[in-house]
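Below, each chain spelled out in residue letters.
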Amino acid sequence: MTAQEVRLCGLLLREHFGEVVEKVGTHLLKGGAQNLRTIIHETGISLDLVKKSLCVLVQHGACVFRSGRKGAGSPTEYQTCCDRILRILRYPRYIYTAKTLYGDTGELIIEELLQRGHMTMSGTIKTVADRLTQNMEEGRSMDYSEVSSAFFRLVETHFLQRCPPLAGAEPKDSATPAAPAPPGTPAAPVSTAPPTPESFPDCYKVPHVTLVGRGKRQLASEDGEDQRNAKKAKMDSQTHGDEGICWQVNFERFHLHFRDQAIISAVANKLDQTSSEIVRTMLRMSEVTTSPTATCTKPLSANEIFRSLPTSYNIPRPILDQYLTLLIDDPMEFVGKAGESGGGMYVVNMHRALANLARATLESVVQERFGSRSARIFRLLLRKRHLEQKQVEDFAMIPAKEAKDMLYTLLSQNLVQLQEIPKTPDYAPSRTFYLYTVNQLPTARMLLQNCYKTVANLVERRLFESKESKRLLEKSQRIEAILASLQASGAEPEQLTEVEEMITAPEKQQLEALRLHINKLDSAENQVDETIFLLESYINSTASTSLLNDIDGVRLEGQTHIDLDNASRAGH
């Protein structure tokens, strides 16, 4: 991991969990796996606070623990997961997606699980039902069965999954954080990879939960807090059949959904809405059968695609064939042809689509920072691969002096690389070809680090703005709480007006300007995160493709050796 990733992780931990958790988390990110004694000694934090910080990180899946490197009996070691911490940046997008797909109930389920790390199904249903009831009209309440149905649908579509069981761990309710083992106690290794149906058969198996009832409203009274705590303890003591079975958000499933939506949106922008609906249908049909790391979907016949299209799109079969041909011939190559059976077999090229989206992102960055002419040169080098300066001037139709300045500017920013090809071994400049080129993968990695730096600056600025206006924000929150309490008790309009006037006109203007500024920063964070997701997806897809190619190469080499051995034996 890089310094920019560590900095961003620290800011996210500070914003969501406080400065102590930030100090422990960043220390483990920089120092790697360490035991409890080493963490306490090097951070200077008390034993109790370190234990609580580790509990928070483990509860949210941001920290894993395993037995020490010296084997059984050695102190348990803890290690933070940088990728998991960076997912905090995408929480608003996860919640909005759940709301879009499954309504308010799905939104609150995902929100509760993200806030608490993991929970039991019964605990989640009760909490969400109570929150929905609180926002309903007087006399209405949310039935547990409705929340349970939304929970089932989220599990069925793999947006939720069970937490993997820990060897030797006792079942615990979600209200109790997963405490780290004592330093001298050996712990089972914990995988940092998310559980999959292959490695954990019950990953998507929903237990039978005996939960009947409706959501309850919170009663506002002086001793209401004590009553709620006592009632909650009594409810927690009841058994519902899912004790020890906790659930968490499946981030990888959300990422697959984001990837598919990005491809569909790109097709709609490049061609039209009907083409994007055809690609959406193909992606939906291959959701279950295609591996998340596959470079393309499983082949689908034109007949299957035609039968699966939405009924609202009355597309005749000949028109569908024309659209499929158009998609295949498009330079973006989102769709490819894999055979002729069944009216033609078609696939969605995932890796090619992500590469094209990343390429468009790089071109857009160059255009915004250096202008349209520099973007023309950048696109030219991407297409032609290697060009001399004179060729760049001719192909781009830009004067020599301007082209030279633009090339050197792009070269200084590491967006363009210079390759030397000598005619003789002495590398004499007069006998050397100087070729400009663009390496898309390293450039995407560099831009990704710039995006991490940008988001860290935005988060830091937002925290600074909130800290500077902390007193005013606290005063506004107190007055809003008083107004809500008075409205609930049926106060007179004069009383409400008197309370509202406790904030002066200049303070109102300052609050309005602060909220507008923070909203802009939040919006910028979300927009940069979309770029981060595209670049991360492209880099991971390229790594997976390279790994598969290496494996295929090893298999081919092994098969060649076997064939040669067999041939030599046959000759003898």
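- As recorded in an unreviewed UniProt entry, the protein chain goes by DNA-directed RNA polymerase III subunit RPC3 and comes from Sander lucioperca.
- Quoted verbatim from the Function (unreviewed entry) field of the UniProt record, the comment on the protein chain reads "DNA-dependent RNA polymerase catalyzes the transcription of DNA into RNA using the four ribonucleoside triphosphates as substrates. Specific core component of RNA polymerase III which synthesizes small RNAs, such as 5S rRNA and tRNAs."
- On record in UniProt, under Sequence similarities (unreviewed entry), the comment for the protein chain is "Belongs to the eukaryotic RPC3/POLR3C RNA polymerase subunit family."

### Looking at the overall build of the protein chain
And step 1. From N to C terminus, the protein chain includes 21 helices and eleven strands.
And step 2. By residue count, 42% of the 572 residues in the protein chain fall in the buried class.
And step 3. Counted over contacts in the protein chain with a minimum sequence separation of 6, partners at least 24 positions apart contribute 67%.
And step 4. For the protein chain, the accessible surface area stands at approximately 31,400 Å², while carbon and sulfur atoms represent 52% of it.

### Things to note about the sheet that holds strand β6 (residues 246-249)
And step 1. Ordered in space as β4-β6-β5, the three strands form an open sheet in which the pairing is antiparallel. The sheet is open, and its two borders are formed by β4 (119-120) and β5 (160-162), each paired with just one other strand.
And step 2. Where β5 lies against β6, three bridges are found, and the strand directions are antiparallel. Looking at β6, one finds that L160 is bridged to V249.

### Describing the packing of aromatic side chains
And step 1. Scanning all chains against the criterion turns up ten aromatic pairs.
And step 2. With centroids separated by 6.2 Å and ring planes inclined at 50 degrees, the aromatic side chains of F65 and Y78 adopt a geometry described as tilted. Remark: Y78 occurs in strand β3 (residues 77-80) and F65 occurs in strand β2 (residues 63-66); sequence separation between them is 13 residues.
And step 3. Overall, F65 belongs to the buried group, its relative accessible area being 12%.
And step 4. Judged by centre distance (6.1 Å) and plane angle (75 degrees), the rings of Y102 and F159 are edge-to-face. With Y102 in helix α6 (residues 91-116) and F159 in the loop between α8 (144-156) and β5, this residue pair connects regions lying 57 residues apart in the sequence.
And step 5. The buried category is assigned to Y102, whose relative accessible area is 15%.
And step 6. Judged by relative accessible area, which is 2%, F159 ranks as buried.
And step 7. Members of the aromatic cluster, joined through ring pairs, are Y91, Y94, Y102, F159, F251, F254, F258 and F533.
And step 8. The ring of F159 has R253 lying over it, and the distance from NZ or CZ to the ring centre is 4.5 Å.

### Some details on the pattern of salt bridges
And step 1. With the rule as written, the count across this model stands at 27 salt bridges.
And step 2. A salt bridge links K390 to D394; its shortest N-O distance comes to 3.1 Å. Pair noted here: K390 and D394 are both in helix α16 (residues 389-396), with a separation of four residues, about one helical turn.
And step 3. Looking at K390, the relative accessible area reads 52%, which means it is exposed.
And step 4. Each of the salt bridges in this network shares a partner with another, and the network as a whole consists of E15, R462, D522 and E525.

### Points about the sheet that holds β2
And step 1. Pairing is antiparallel across the open sheet formed by three strands, whose spatial order is β1-β3-β2. This sheet does not close on itself; its edge strands, each paired only once, are β1 (34-35) and β2.
And step 2. Strands in contact with helix α2 (residues 19-31) are β1 and β3; relative to β3, the strand with the most contacts, it is inclined by about 95 degrees.

### Considering the nonpolar core
A general trend in soluble globular proteins is that nonpolar side chains are found buried together.
And step 1. Counting 99 residues, the largest nonpolar core has L54, I109, I110, L160, I377 and L381 as the members making the most contacts within it.
And step 2. Among the elements that line this core, the one with the most residues is α6, at ten residues.
And step 3. Setting aside residues up to four positions removed in sequence, I109 forms contacts with T124, V128, V147, A150, F151, L154 and L160.
And step 4. Of all hydrophobic cores here, the second largest spans 25 residues; its members include I264, I315, L357 and L534.

### Looking at the environment of V20
And step 1. Assignment of secondary structure puts V20 in helix α2.
And step 2. We classify V20 as partly exposed; its relative accessible area is 33%.
And step 3. In this structure the C-alpha to C-alpha distance between V20 and I45, which are 25 residues apart in sequence, comes to 8.1 Å.
And step 4. If we ignore the near neighbours within four places in the chain, the residues touching V20 are I45, L49 and S53.

### Describing helix α3 (residues 36-43)
And step 1. Looking at α3, one finds that the buried residues are L36, I39 and T43. The buried residues of α3 occupy an angular sector of 65 degrees when projected down its axis, which confines them to one face. Of the exposed residues in α3, those oriented more than 90 degrees away from the buried face are R37 and H41.
And step 2. Residues of α3 that are buried in the fold lie against α2, β1, α4 (47-59) and β3.
And step 3. Sitting at the amino-terminal end of α3 is N35, which places a side-chain oxygen 3.3 Å from the backbone nitrogen of R37.
And step 4. With its phi angle positive at about 75 degrees, G44 sits one or two positions after the end of α3.

### Points about the environment of N526
And step 1. Tracing the chain through its elements places N526 in helix α21 (residues 505-571).
And step 2. Separated by 436 residues in sequence, N526 and R90 place their C-alpha atoms 7.7 Å apart.

### Some thoughts on unusual backbone geometry
And step 1. Despite not being glycine, H158 has its phi angle at roughly 70 degrees, a positive value.
And step 2. On the secondary structure map, H158 appears in the loop between α8 and β5.
And step 3. The exposure class of H158 is partly exposed, given its relative accessible area of 32%.
And step 4. Backbone geometry places N414, a non-glycine residue, at a positive phi of 65 degrees.
And step 5. Its place among the elements puts N414 in the loop between α17 (400-412) and β10 (417-422).
And step 6. Residue N414 is classed as partly exposed on the basis of its relative accessible area, which comes to 47%.

### Some remarks on the packing of helix α15 (residues 372-384) against α16
And step 1. The N-to-C vectors of α15 and α16 enclose an angle of 115 degrees; their axes lie 10 Å apart at closest approach. Between α15 and α16, the interaxial angle falls into the category roughly perpendicular. The way α15 lies across α16 gives a crossing that is right-handed. For the pair formed by α15 and α16, the contact residues are R376, I377, L380 and L381 on the first element and V392, F395 and A396 on the second.
And step 2. Residue classes in the contact of α15 with α16 are distributed as six nonpolar, no polar and one charged.

### Quick look at the packing of α6 against helix α7 (residues 121-134)
And step 1. In the contact formed by α6 and α7, the axes pass within 10 Å of each other and the chain directions differ by 125 degrees. Relative to α7, α6 is oriented oblique. The element α6 and its partner α7 pack so that their crossing is right-handed. Across the interface between the two elements, D104, T105, L108, I109, E111, E112, L113 and R116 from α6 touch T124, T127, V128, R131 and L132 from α7.

Analysis parameters
Per chain, residue numbering runs from 1 following the sequence as it is written. The model is predicted, so local features are restricted to residues of pLDDT at least 70 and side-chain atom pairs to those at 80 or more, both for listing and for counting; the totals for chains, interfaces and linings are taken over all residues. Think of the side-chain values as coming from all heavy atoms in the structure, minus any hydrogens and water. UniProt positions are given in the numbering used here, feature names are shortened, and annotations may be inferred rather than shown by experiment. A run of H or I in DSSP becomes a helix once it reaches four residues, and a run of E becomes a strand once it reaches two; helices and strands are each numbered from the N terminus. Only protein chains enter the accessibility calculation, which uses a 1.4 Å probe; a residue is then buried when its area is under 20% of its type maximum, exposed when over 50%, and partly exposed in between. Whether two residues touch is decided by their heavy atoms; if any such pair falls within 4.5 Å, the residues are in contact. Residue-level accessible areas treat just the shown protein chains as cover; the underlying method is Shrake-Rupley with a 1.4 Å probe. Any two strands between which DSSP finds at least two bridges are classified as paired. Ring pairs shown here join Phe, Tyr and Trp side chains whose ring centres sit within 6.5 Å, with only the six-membered ring taken for Trp; geometry is labelled stacked below 30 degrees between planes, edge-to-face above 60, and tilted in between. For a lysine, the NZ atom is tested; for an arginine, the CZ atom; a charge sits over a ring if that atom is within 6 Å of the ring centre and within 35 degrees of the ring normal. By convention in these notes, a salt bridge is any Lys or Arg side-chain nitrogen within 4 Å of a carboxyl oxygen on Asp or Glu. Only the stretch in contact is used when fitting a helix axis, every axis being a line fitted to C-alpha atoms; angles between N-to-C directions are given from 0 to 180 degrees. By convention a nonpolar core is built from buried Ala, Val, Leu, Ile, Met, Phe, Trp, Tyr and Cys residues, the set being connected through side-chain atoms within 4.5 Å. This arc corresponds to the set of directions leading from the helix axis out to the C-beta atoms. Pairs of N or O atoms are called polar contacts if they sit within 3.5 Å, as long as, within protein, a hydrogen donor faces a hydrogen acceptor (for residues adjacent in sequence, only side-chain-to-side-chain pairs). Comment on the angle field: the value is read as roughly parallel under 35 degrees, roughly antiparallel over 145, roughly perpendicular from 65 to 115, and oblique elsewhere. Take the far helix as your reference; a near helix turned counterclockwise from it by less than a right angle gives a left-handed crossing, and one turned clockwise gives a right-handed crossing. Three classes are used, and their members are as follows: Ala, Val, Leu, Ile, Met, Phe, Trp, Tyr, Cys and Pro are nonpolar, Asp, Glu, Lys and Arg are charged, and the others, Gly among them, are polar.

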